[in-house]
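Commentary on secondary and tertiary structure
Each chain is listed here by its residues.
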Number of protein chains: 4
Amino acid sequence: MPQKTCRVELVASTPDPMAVIYAAFRQCYHAGFVGDMHTKLVDGEIPAEKQAAFIRKVMESGHASPIEHVSFTFAIEGVSRALTHQLVRHRIASYSQQSQRYVDGSNFDYILPPAFAKISEAKARFEKFLDEVGDAYQELKKILEDNGRGEKAKEDARFVLPQATESKIVVTMNCRSLINFFEHRCCTRAQWEIREMANQMLEICRKELPCVFEDAGARCEKLKYCPEGEKFTCGRYPLP
Amino acid sequence: MPQKTCRVELVASTPDPMAVIYAAFRQCYHAGFVGDMHTKLVDGEIPAEKQAAFIRKVMESGHASPIEHVSFTFAIEGVSRALTHQLVRHRIASYSQQSQRYVDGSNFDYILPPAFAKISEAKARFEKFLDEVGDAYQELKKILEDNGRGEKAKEDARFVLPQATESKIVVTMNCRSLINFFEHRCCTRAQWEIREMANQMLEICRKELPCVFEDAGARCEKLKYCPEGEKFTCGRYPLP
Amino acid sequence: MPQKTCRVELVASTPDPMAVIYAAFRQCYHAGFVGDMHTKLVDGEIPAEKQAAFIRKVMESGHASPIEHVSFTFAIEGVSRALTHQLVRHRIASYSQQSQRYVDGSNFDYILPPAFAKISEAKARFEKFLDEVGDAYQELKKILEDNGRGEKAKEDARFVLPQATESKIVVTMNCRSLINFFEHRCCTRAQWEIREMANQMLEICRKELPCVFEDAGARCEKLKYCPEGEKFTCGRYPLP
Amino acid sequence: MPQKTCRVELVASTPDPMAVIYAAFRQCYHAGFVGDMHTKLVDGEIPAEKQAAFIRKVMESGHASPIEHVSFTFAIEGVSRALTHQLVRHRIASYSQQSQRYVDGSNFDYILPPAFAKISEAKARFEKFLDEVGDAYQELKKILEDNGRGEKAKEDARFVLPQATESKIVVTMNCRSLINFFEHRCCTRAQWEIREMANQMLEICRKELPCVFEDAGARCEKLKYCPEGEKFTCGRYPLP
C-alpha cells in the first residue's frame, strides 16, 4: 500500500489552439470564411502577437464561447476518491475513471493528507488504519469468493476502501470549462488536494496557451476582491 | 453507526406533466399557440387518453426532446458514497449532496451490501471493520483539533471514511435524462445498490407519468435483446 | 400576414420553489435528511422570510448550484426567427419550436422592428417587401406541388421566409441558466427584440421567486460597472 | 448575390485520436496509469489494429463515454440560416457563427434548393425574389442610416434576409455527440441540406478515425430497421 502523490500528464490537446480560437472569434464578425484563413494563421501570416492581443481583448469583455473550440485531455493519478467525487461534479467535461468494481483493491495505493504528514501521531494512526483496511478488504474478498460471488467479490469488498484510496482518471475539458474549474478549485476555500491538482493543470494550460490562461485562477484574481463571504474568506483579497 | 437502506422521496415535479409535454410536442407541428392551448389541456378539453396516446406515438419514433420540459426532483438517503460517485457521473442533472467536509462523520451511518448480509462471517467482519473506522475517525479528528486544525479537522479525518458511508443527495433530472439513467442503471449489469435506487425512482416516475415511463428501464426491455455482449450479459434476453 | 408582438406565458414551474431550493442548500451542510424537512418547509414551520434570507446569502457567495433544482417553462409567441436563432444558442435549456417544414407559411405572421415602426418610409418599404414574400412563397409552393414535391413543397418554399417571420417556441430553463440568460440578454448590447422577451421572462421570474431573481438582469446590475468594453458600452454604468 | 454550396473544412482535431480513446477505455479497467501508456500507444508498441479492435468491441456494447475525449472542429460555409438554426439545436457542441448584426448583408450569398434548381420556373421565380430582397435590404438600411440608426441599421435591415441566406459557422463536437448528430441528420427524414452537410462531416470523420465512425450514420444503419414510423419512413429499411 504505497503512498501516492498527484501527477497530471497532458495526453492530448487541440493543435494550434490560438489559431483555432482566433479563427472562431473572427468568423463571428468577418464576411470571409475562416476555413481559408486558418492555414494562414498557422503559417504565421497573422503574427501570433496580434492573434493573442485580439483573443485577450474579446475575452475581457466576457464573450468566451470561442475558447470552447480548444480542449485539453489530462491523465491524472495519485488522487483520492474524495477528490474524484468532487471533480466529476463538473459536468461540462468528459471522464474515464478507474473502476473499483473491476480493478482489485487488495494492495490499494493511498493519499496522505499534508496535515497527517506534519503530525507524526496522526500519520502513525492513519497508517495503522490503512493496514486494517487492507486486511478487511482481503478477508472480505476471500469470504465472498469462498461463498461463490466470483468476479463480484471486488464489487462488494470495495465498500471498505476509504476516501483516501488512490484513483486514476482521464479528464477532457474545453478552455471555457477549465476557466470555470480553476475559478472554483484554485480558491483557497477548495479542499487542499483538488486545489493542488487544479494548480498543476493550470500551470500546464498557461504554458500551452498563455493568452487564454494567464489570468485564470481563483475568482478573486480577476475580481480583486473575495466573493466567498466573511465566514469563508482566506483574507488574500478584501471582501467586496 | 446505524445501518441505513435506500429511501427515495419525490420532493417536486413539474405540475400537469402530460399537458406540458403534449403542448410542447404540438407546438412543433401546429400553427396555433400552445400558450393558449395549455389551459384547455389541464381542464381536460383534450382527453387525457388522447394526450397519452399522442405522446407514446411520437416517443416511439425516437423524437424525445419535448419530454425534457418535465423534471423530477428526488431527495435520496441511505445510499453509499460508492453509489453517489456513480450517480453524479450523469451530467444532464442537478445535484446537492451532503458534504463530508462540513458534516461530522463521527457517528456515520453505513450501507450493508446484501452479499454481506447473507453471510454471517462477512457481516461480522464488516461490522468489526466499521467500528475500527469510527475509532480512527474520532481519534484522527481529535489529534488534528489538538494540533490547531479546527474546522478543517473533519475535512482530513474523512479520508478514513469508507465507500460504505451513507450519503444524502438531492437530484433533479428531466424525463429524457431519467430514461437514459434507467437504461444504464436498471440493467442487471449495474451495481446492485444503484440498480435498487434506480428501480425506486422508476416506480415513482411510472406512477406520476405512465405514458412516458411505462416502457422505461434497462435497454434490453425495449430492444428485446441484450446489448451488453457475451461476457457481461445476464441472460434475461438473448444476445443480438 | 398580421403583425405580432412578443407574448410570454408561464405554462409550468416547479411547485414551492423556495422550499425546494432551501432544502437542497441545506442538504449540503446538514446531517439530517431534507426529504423529511421538505414538508415542514412547505407548511411554513420555517418561515418564508428565513428561507429567503438564507438563499440570498448563499447565492451572494457565488454558490449557485442548488437553484438549478427549480425550472420554468415558458410558451412564447410573437418572436422572429432572428430571435429564436439566438435563443436556442443557450444550451442548458430545452426547446420545442414550431417547424417551418411542417407548418404552412402562406400567411405567415411577422415582427415589425420598432425602428421601422417609427419611420413611415421604412414601415411602408418593409410591408411592401412582406407582400412580395407572401407572393413568392405561395407561387413557389404551387410550382413545387405541381411538380410532385407534395408535402416537401413547404420545406423548400420556406427558403424565402425572412428573419422577420414570426415563430412560436416552448422553452424550459432552470434558475441558474435563466440568470445567465438574463445577464446576456437583458444587456442593452443585446438585440432589441430578445432583450424585450428576456425582460418579460425576468418579470415573471421575479414575481414567482423574488429571492432568486430580484437582482437578476444584465451583468452590470451586479458588477456596478460595464464589462462590455469602450466600444460597446451603453454608458449606463462606468467602465471598470 | 452569388449562389453558394456547402463546404466543410476540418480545421482541428485531437491528435492521435485512437491512442487517446484506447487509453481512456483502458484506464477504466486497468491497474496501471495510462499517462505512462499513452506514449507507447502513439509509438506503436500496441499495434493500431489491436487498439481499433478493442475500441470497436467496447463501443458495440454501448459504452461510449471514452470516445468523448476526441473532438473535431469544422469550419463550414455555404449553408443557409435554415440549416444553422437546426444545427445549433445540438447542445453538446460549441459554435461560432457569422453574425448578421455585424456583417453587412447587402450582397448576401444564398443557397439554392435542388428542387428549385431542377425546375426552371421555380429557379427563375426564386432568383427574381432574391433580387427584391437585395433591393429591400439596401433601401431599408439606407433609410435607417439616414434616420440616424448608424451601426444598428444592419441589425434591423436583416429582418428581410430570407432563410436561404448563406451563413458561415465554426462547429466543435466530440465523437459521441457527432455519432448522435449523424444518427439524426444523415437520416433521409432530415432536411436535404443538413443531410448533405452531415454526410460531408461523416466522410471526414470516417477518414480520420474509422474504428469509431465506420458504422456511424442514420439510426437504421445500426438497427437494421427504420424507427421513424409508418408515416415518415423512407422505405430503405423495414419498419420494426
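Residues numbered from 1 in each chain as written. Chains lettered and ligands numbered in written order. Predicted model: local features only at pLDDT ≥ 70, side-chain atom pairs only at ≥ 80, totals over all residues. Heavy atoms only, no water.

1. Considerations on the interface of chain B and chain C
In this assembly, 43 residues from chain B lie in contact with 43 residues from chain C. Of all residues in chain B, F33(B), H69(B) and S96(B) bury the most surface against chain C, accounting for 20% of the area lost on that side. Along the contact surface separating chain B from chain C lie two salt bridges. The closest approach of N and O atoms between R7(B) and D36(C), which form a salt bridge, is 2.9 Å. The interface formed by chain B and chain C includes 14 residue pairs in polar contact (both at pLDDT 80 or more). By residue class, the composition of the side of chain B that touches chain C is 20 nonpolar, 17 polar and six charged. (Contact = heavy atoms within 4.5 Å. Buried area = accessible area lost by both parts, 1.4 Å probe. Salt bridge = Lys/Arg side-chain N within 4 Å of Asp/Glu carboxyl O. Polar contact = N/O pair within 3.5 Å; in protein donor to acceptor, adjacent residues only side chain to side chain. Nonpolar A, V, L, I, M, F, W, Y, C, P; charged D, E, K, R; others polar.)

2. Quick look at the sheet that holds strand β2 (residues 71–80) of chain C
Taken in spatial order, the four strands make up an open sheet running β1-β2-β4-β3 (chain C), and their pairing is antiparallel. Each end of this open sheet is capped by a strand with a single partner; those strands are β1 (7–13) and β3 (94–97) of chain C. The average undirected angle you get between the axes of adjacent strands in this sheet is 20 degrees. Of the pairings in the sheet, the one linking β3(C) to strand β4 (residues 166–174) of chain C comprises four bridges and is antiparallel in character. Within the sheet, the bridge partner assigned to S96(C) lies in β4(C) and is V170(C). Relative to β3(C), helix α1 (residues 17–29) of chain B is tilted by about 50 degrees, and along the sheet it contacts β1, β2, β3 and β4 of chain C. Its contacts with the sheet place helix α9 (residues 192–208) of chain C against β1 and β2 of chain C, and it is angled at close to 150 degrees to β2(C). (Pairing = 2+ DSSP bridges. Helix = DSSP H or I, 4+ residues; strand = E, 2+ residues; numbered from the N terminus. Axes fitted to C-alpha atoms, helices over the stretch in contact; angles between N-to-C directions.)

3. What about the interface of chain A and chain B?
At the interface, 56 residues of chain A touch 56 residues of chain B. Run the count over chain A and chain B and you get four salt bridges. Linking chain A with chain B are 21 residue pairs in polar contact (both at pLDDT 80 or more). Elements represented by at least two residues in the side of chain A that touches chain B include exactly α4 (81–87), β3 (94–97), α5 (114–118), α6 (120–146), α7 (153–157) and α9 (192–208) of chain A.

4. Considerations on the relation of the copies chain B and chain C
Here chain B sits on chain C after a turn of 180 degrees about the axis and a move of 0.0 Å along it, with an RMSD of 0.0 Å. As the rotation angle and translation indicate, the two copies are arranged about a two-fold axis. Taking C-alpha positions as reference, the residue of chain B nearest the rotation axis is T14(B), located at 2.7 Å. Interface residue correspondence from chain B to chain C reaches 100%, placing this contact among same-surface, isologous pairings. (Least-squares fit on C-alpha atoms with pLDDT ≥ 70 in both.)

5. Digging into the sheet that holds β3(A)
Taken together, the four strands give an open sheet; going across it, the order is β1-β2-β4-β3 (chain A), and neighbouring strands pair in antiparallel fashion. Of all strands in the sheet, those with a lone pairing partner are β1 (7–13) and β3 of chain A, marking the two edges. Along the sheet, successive strands turn relative to each other by an average axial angle of 20 degrees, direction set aside. Where helix α1 (residues 17–29) of chain D meets the sheet, it contacts β1, β2 (71–80), β3 and β4 (166–174) of chain A, and its direction lies at approximately 50 degrees from that of β3(A).

6. A short note on the UniProt feature "binding site: dUMP" (unreviewed entry) in chain A
All names here are of chain A. Under the UniProt annotation, "binding site: dUMP" (unreviewed entry) lies at Q86, L87, V88, R89, Q97, Q98, S99, Q100, R101, R158 and R185. Their sequence span is 100 residues, while the largest C-alpha to C-alpha distance among them is 28.1 Å; these annotated residues do not converge on one region. As for its position among the elements, Q98 is in the loop between β3 and α5. Of the residues examined, Q98 reaches a relative accessible area of 10% and is grouped as buried. Inspection of the secondary structure puts Q100 in the loop between β3 and α5. (UniProt positions renumbered as here; feature names shortened; annotations may be inferred. Buried < 20%, exposed > 50% of the residue type's maximum accessible area, 1.4 Å probe, protein only.)

7. Quick look at the relation of the copies chain A and chain B
With an RMSD of 0.0 Å, the operation that places chain A on chain B is a rotation of 180 degrees combined with a shift of 0.0 Å along the axis. Residue by residue, 100% of the interface of chain A is reproduced at the interface of chain B, so both copies engage with the same surface.

8. Focus on the domain arrangement of chain A
Split into domains, chain A comes out as domain 1 (8–75 + 167–223) and domain 2 (113–163). The distance between the C-alpha centroids of domain 1 of chain A and domain 2 of chain A comes to 40 Å. (Domains from an automatic or database assignment.)

9. Details of the packing of aromatic side chains
A full pass over the atoms with the stated rule returns 46 aromatic pairs over all chains. With 5.9 Å between their ring centres and 20 degrees between their planes, F159(A) and W192(B) make a pair best called stacked. One end of the pair, F159(A), is in the loop between α7 and β4; the other, W192(B), is in helix α9 (residues 192–208), on a second chain. For W192(B), a relative accessible area of 15% translates into the label buried. These aromatic residues form a ring-pair network of at least three members: F72(A), F74(A), F181(A), F182(A) and F213(A). Lying over the aromatic face of F232(A), R189(A) brings its terminal NZ or CZ to 3.4 Å of the ring centre. (Phe/Tyr/Trp six-rings, centres within 6.5 Å; stacked < 30°, edge-to-face > 60°. Lys NZ or Arg CZ within 6 Å of the ring centre and 35° of its normal.)

10. A closer look at the pattern of salt bridges
Inspection of every chain in the model, using the stated rule, returns 92 salt bridges over all chains. The closest approach of N and O atoms between E9(B) and R7(B), which form a salt bridge, is 3.0 Å. The class for R7(B) is partly exposed, based on a relative accessible area of 27%. Ionic pairing is found between E214(C) and R56(C), a salt bridge with its closest N-O pair at 2.3 Å. Here the residue E214(C) occupies a position in the loop between α10 (210–213) and α11 (219–223), and R56(C) occupies one in helix α3 (residues 48–60), the gap between them amounting to 158 residues. Several salt bridges converge on common partners, so that one network encompasses K4(A), R7(A), E9(A), E77(A), D109(A), E166(A), K168(A) and D36(D).

11. Description of the packing of helix α8 (residues 175–185) of chain C against α9(C)
Residue and element names in this part refer to chain C. At a closest axis distance of 9 Å, the pairing of α8 and α9 adopts a crossing angle of 140 degrees. As the angle between them shows, α8 and α9 are arranged oblique. The crossing of α8 and α9 is left-handed. Residues L178, F181, F182 and R185 of α8 form the contact with α9, whose own contacting residues are I194, R195, M197, A198, M201, L202 and C205. Here the residues of the contact of α8 with α9 are counted per class, giving nine nonpolar, no polar and two charged. (Parallel < 35°, antiparallel > 145°, perpendicular 65-115°, else oblique. Left-handed = near helix turned anticlockwise from the far one by under 90°.)

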